[in-house]
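Results of the structural survey
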Amino acid sequence: GAGVSQSPRYKVAKRGQDVALRCDPISGHVSLFWYQQALGQGPEFLTYFQNEAQLDKSGLPSDRFFAERPEGSVSTLKIQRTQQEDSAVYLCASSHNNEQFFGPGTRLTVL
Amino acid sequence: AQSVTQPDIHITVSEGASLELRCNYSYGATPYLFWYVQSPGQGLQLLLKYFSGDTLVQGIKGFEAEFKRSQSSFNLRKPSVHWSDAAEYFCAVATSGGYQKVTFGTGTKLQVIP
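Here is a short report on the structure shown in this document. (Residues numbered from 1 in each chain as written. Chains lettered and ligands numbered in written order. Predicted model: local features only at pLDDT ≥ 70, side-chain atom pairs only at ≥ 80, totals over all residues. Heavy atoms only, no water.)

**What to know about the interface of chain B and chain A**
Accessible area lost upon the coming together of the parts serves often as the stated size of an interface. Facing 19 residues of chain B, the contacting portion of chain A comprises 20 residues. When chain B packs against chain A, the two sides together hide about 1,600 Å² of surface, and 51% of this comes from carbon and sulfur. When the buried area of chain B at its contact with chain A is split by residue, Leu44, Tyr99 and Phe104 of chain B rank highest and sum to 31% of it. The closest approach of N and O atoms between aspartate 56 of chain A and lysine 101 of chain B, which form a salt bridge, is 3.8 Å. The tally of links from chain B across to chain A stands at three residue pairs in polar contact (both at pLDDT 80 or more). Where the side of chain B that touches chain A is concerned, the elements lending two or more residues are β5 (32-38), β6 (44-50) and β11 (102-104) of chain B. Examining the composition of the side of chain B that touches chain A, we find that four residues originate from one element, β5 of chain B, more than from any other. Taken together, the residues of the side of chain B that touches chain A sort by class into ten nonpolar, seven polar and two charged. (Contact = heavy atoms within 4.5 Å. Buried area = accessible area lost by both parts, 1.4 Å probe. Salt bridge = Lys/Arg side-chain N within 4 Å of Asp/Glu carboxyl O. Polar contact = N/O pair within 3.5 Å; in protein donor to acceptor, adjacent residues only side chain to side chain. Helix = DSSP H or I, 4+ residues; strand = E, 2+ residues; numbered from the N terminus. Nonpolar A, V, L, I, M, F, W, Y, C, P; charged D, E, K, R; others polar.)

**Focus: the pairing of β6 of chain B**
All names here are of chain B. The element β6 is extensively covered by neighbouring structure, given that five of its seven residues are classed as buried. Pairing geometry for β5 and β6, over six bridges, is antiparallel. Looking at the pairing, valine 37 lines up with glutamine 45 of β6. Counted between consecutive antiparallel strands, the loop separating β5 from β6 contains five residues, among which glycine 41 sits at a positive phi close to 75 degrees. (Buried < 20%, exposed > 50% of the residue type's maximum accessible area, 1.4 Å probe, protein only. Pairing = 2+ DSSP bridges.)

**Quick notes on the state of the cysteines**
Working definition: the covalent bond between the sulfur atoms of two cysteines is a disulfide. A full pass over the atoms with the stated rule returns two disulfides over all chains. Between the sulfur atoms of cysteine 23 of chain A and its disulfide partner cysteine 92 of chain A the distance amounts to 1.8 Å. An S-S torsion of about -65 degrees defines the bridge between cysteine 23 of chain A and cysteine 92 of chain A as left-handed. One end of the pair, cysteine 23 of chain A, is in strand β3 (residues 19-24); the other, cysteine 92 of chain A, is in strand β9 (residues 88-96), and 69 residues separate them in sequence. Note that cysteine 23 of chain B is cross-linked by a disulfide to cysteine 91 of chain B, the S-S spacing being 1.9 Å. Residues cysteine 23 of chain B and cysteine 91 of chain B share a disulfide whose torsion about the S-S bond is about -65 degrees; that sign makes it left-handed. On the criterion of sequence distance, the pair formed by cysteine 23 of chain B in the loop between β3 (19-21) and β4 (24-26) and cysteine 91 of chain B in strand β10 (residues 87-94) is long-range, its members being 68 residues apart. The same class applies to cysteine 23 of chain B as to cysteine 91 of chain B, namely buried. (Disulfide = S-S within 2.5 Å.)

What follows is the structure in structure tokens.
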């Protein structure tokens, strides 16, 4: 079946713009994670959903970052008033049987 | 909180040579351990995982890893490297309870020379 998909794959934003990044998890996967991967670094946890409930948002770097999963499937990560330090690859993963399946990521560049 | 250390930022090996990538973790209980590979522009692909049981785990693409509790290590090995193995490799640790929050190492970039 289809894996995790993310869109857009690339996003260029001017500083101060708002962006929305979409994740389509594998159908039926209850758990969904967002990670931020800065250049030359490993992915860092941002937030976790179980169905529509956001159970952990401890990794969100500021209140400009907001994530939702209103119907327990597709999730959106929104970044308001983007800053240059937000430039990174944003990875989404859905999980089954303790294994996380990753999407290809969205590369965000803030100019 | 758990943490992962990958001491080698960059490793170069000749095609056909053996490979060992080092990983040390810090976690209070028995962890869940993973190795992922990431090719340029690609997402993370799981190579292998350890949850419990046999400490030597086999993965895809001919990789294996050994969990050594006494050394808090989970090193990745491959007996003969292929040019297509050039990529970045990430070791990761997750909590063994709850929803499995994963912490990644900073990665080791593997270069394979002919």
